[in-house]
Amino acid sequence: MTSLVTLQIVEQLKDNSHPPIILLNGAWGVGKTYLIENELKAKIEEDKEYFGDYHYLSAYGMRSVTDFQDQVVSLFLCNQNEGSRYVSTGLAQVGNIARIFGADKSEAGLFQGVMSGLSGAVRQSTLQNLSNMTIVLDDLERLIDPKIIADILGTCLRFAEHNQVKIIVVANEDALSDKSKIEKTFSDIITLSRSSDELINILSDKYKSTLESTTQMLILRYLNKFKDLSLNIDNLRVIQRAINRIIKLKNRVDSIEGLDLPLTHEIITQQILGVSFLAYAKCYSEKDFKDFLSLGLTSYSTNFKTFNSQRNGEDVEKELCKDEQKIEEQNKIIRSIFSSISLNEGIVHFCFTNLIPFCDDAELINKLGLPIAASPLDQLIKGYFFNLSEKEFDQGLLELEELLFGGANKDYYQWVKGCETYLYLINKNYLNKVKTDELNRLKDLLTQGEIIDFSTIEHGQFNRWLNVPEELDTHEFKSLLGAFITKSEEHKNAEFAENFYTNWQQAIFTGPKDYDRNPFLHYLNVSNFCGRITQWKGGDIMAFIGFVKERFTISNAKDRYEVELPFIQQLIPKLKIKQSEVNGKLMNGIISELVQEFELALEQLT
């Protein structure tokens, strides 16, 4: 499909009310040259009678307007019968001389030598008689000298006005310094811009055999994400450079056995696109990315929040200075781009150098953080089994039945997820089993109480998420599974109590639960507590007294810690007995303070 810009150019050149010279304007990398090569050239060559011979020239490397004129004359003469005979004769006569003056052995090089030998009068005569041509002049903004640019534009305008040569100058208008010259030269300025979808279509056509649909969707997702973040990345060359790196690294890792290739391809694509786009849009260097990694992409607003300072029951936050605000804004962008993946320093280095680490497969996996392929069982449980071979699927079924019915002390989460997969396969006729019979088998195993290792069950704010299958989400199965959860809680509580007696602060503030804000005293044994606390250092006991004081003076202490009331009621008289048995005035006074603090806590809870 011909784009609107191409149609505009063609129609503008056919408008005889002004000289046929236009500027195709567009930012660097937007795909101006691609448009010329893949659309405009064919459209012009369709109407040879009007547009004449099509010629493409790059201004890059031209040192004077004479260079431009010589190339135009060369192209014109090559396409004229008389000119061709002249050129053939000239090549025979001045070929050796041309080589002496630096022309190469090709016909084009020799022709340039012939042009160098033309007299000024002959050149001017040829220039005056140019006709029946369409010239595309690209890369004009790459010329450094404004005078050369002005001279070339002046020559182009003369060709258009006096010879009716159609001229299309391809350049970024913003990069051309003499704005008045632009206004005086061109009959129209047509600007090319690209949407994300257009860029993807261009790249899809270019990389038909190497750019699969998954990568295309990831690119489009990242382009849209950058737009949401107000970061401009509609640059064909930057995207193309990133894709070339993706293809290069994918070709290397595809030869490594044992990788989870679909996930590896996704990680490589996401990280290379993210790094490449940010490097372009924000001018980040490799060092910048390393700094982000060393900081862990942390949030300043989190770091500077003062939790221990309260006013009117609200946390007080420290104001961020300008530098901190700038870093915080950068981190927000980084976290947004790489929210679902862990940025890898090795891939960052590859993005900036285009050099794959020269090492063996095992070391490359480690350097780039590539994922190892999941076993057939893992793929079954995760639901990614549709691409397995029949042999791998059968192997996965054997491993699944071993997980569910073989042996004891299975991981709680793996076993329940295995049940979900097993029942799904029965429901969808992948397995020729009677579901009620299999449910009874699972029920019997749970009843025996050995199939699950209760120590694998996690508790607290970071416990693993688990989707219990519908068939196990019944009162009977909940009760059987609940027995393991109860054992696990008892085990964890006993483990916490022992840790508490050894180092109370570490147990409370680094444990799996938020013990500093939730009840825990009822997990402790009163006699054990009284026996162990007198073995603590005085400073540790005083720190604990301060913790208890702060804990029970909050307004909702009764609602939150009422479950601890029986423990405190039993503890106070036993602590008083322990105090009377303690030798030494210092420890006696410390235990006395502890008793007083628990008595105040008791008042708060009753």
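Every value quoted in this text rests on a predicted model; they were computed, and no experiment measured them.

Chemist: How would you summarise the pairing of strand S4 (residues 166–171) if you had to cite specific residues and measurements?
Modeler: Of all six residues in S4, six are buried, a share of seventy percent or more. Both faces of S4 are covered, namely the face carrying Lys-166, Ile-168 and Val-170 and the face carrying Ile-167, Val-169 and Ala-171. In terms of strand pairing, strand S1 (residues 21–25) meets S4 through five bridges, oriented parallel. If you follow Asn-25 over to S4, its bridge partner there is Ala-171. Note: strand S3 (residues 133–138) against S4, four bridges, orientation parallel. Within S4, the residue paired with Thr-134 across the bridge is Lys-166. Once the chain exits S3 it traverses helix H8 (residues 146–163) before rejoining the sheet at S4, and the crossover so formed is right-handed.

Chemist: I'd like a rundown of the packing of helix H23 (residues 475–502) against helix H25 (residues 526–533), residues and numbers included.
Modeler: Between H23 and H25, whose axes approach to 10 Å, the crossing angle comes to 20°. By the criterion of interaxial angle, the relationship of H23 to H25 is roughly parallel. Crossing hand, H23 versus H25: right-handed. Residues Glu-498, Phe-500, Tyr-501 and Thr-502 of H23 lie in contact with H25, whose contacting residues are Asn-528, Phe-529 and Arg-532. When grouped by side-chain class, the residues that make up the contact of H23 with H25 number three nonpolar, two polar and two charged.

Chemist: Pulling in residues and values, what's your account of the packing of helix H11 (residues 213–228) against helix H13 (residues 261–281)?
Modeler: At their nearest, the axes of H11 and H13 sit 10 Å apart, and the two run at 35° to each other. The handedness of the crossing between H11 and H13 is right-handed. Within the contact between the two elements, H11 uses Thr-215, Leu-218, Ile-219, Arg-221, Tyr-222, Leu-223 and Phe-226 and H13 uses Glu-266, Thr-269, Gln-270, Leu-273, Gly-274, Phe-277, Leu-278 and Ala-281. Counted by class, the contact of H11 with H13 contains nine nonpolar, four polar and two charged residues.

Chemist: Before we move on, could you go through the environment of Ala-408 and cite the residues and values that matter?
Modeler: Structurally, Ala-408 is set in the loop between helix H20 (390–405) and helix H21 (412–427). Of the residues examined, Ala-408 reaches a relative accessible area of 35% and is grouped as partly exposed. C-alpha separation for the pair Ala-408 and Ile-452, spaced 44 residues apart in sequence, amounts to 6.3 Å. Sequence-distant contacts of Ala-408, defined by excluding residues within four places in its chain, comprise Glu-450 and Ile-451.

What counts and how
Residues numbered from 1 in each chain as written. Predicted model: local features only at pLDDT ≥ 70, side-chain atom pairs only at ≥ 80, totals over all residues. Heavy atoms only, no water. Buried < 20%, exposed > 50% of the residue type's maximum accessible area, 1.4 Å probe, protein only. Helix = DSSP H or I, 4+ residues; strand = E, 2+ residues; numbered from the N terminus. Pairing = 2+ DSSP bridges. Right-handed = clockwise from strand over helix to strand, strands pointing away. Axes fitted to C-alpha atoms, helices over the stretch in contact; angles between N-to-C directions. Parallel < 35°, antiparallel > 145°, perpendicular 65-115°, else oblique. Left-handed = near helix turned anticlockwise from the far one by under 90°. Contact = heavy atoms within 4.5 Å. Nonpolar A, V, L, I, M, F, W, Y, C, P; charged D, E, K, R; others polar.

All we've got here are geometric facts, nothing functional implied.
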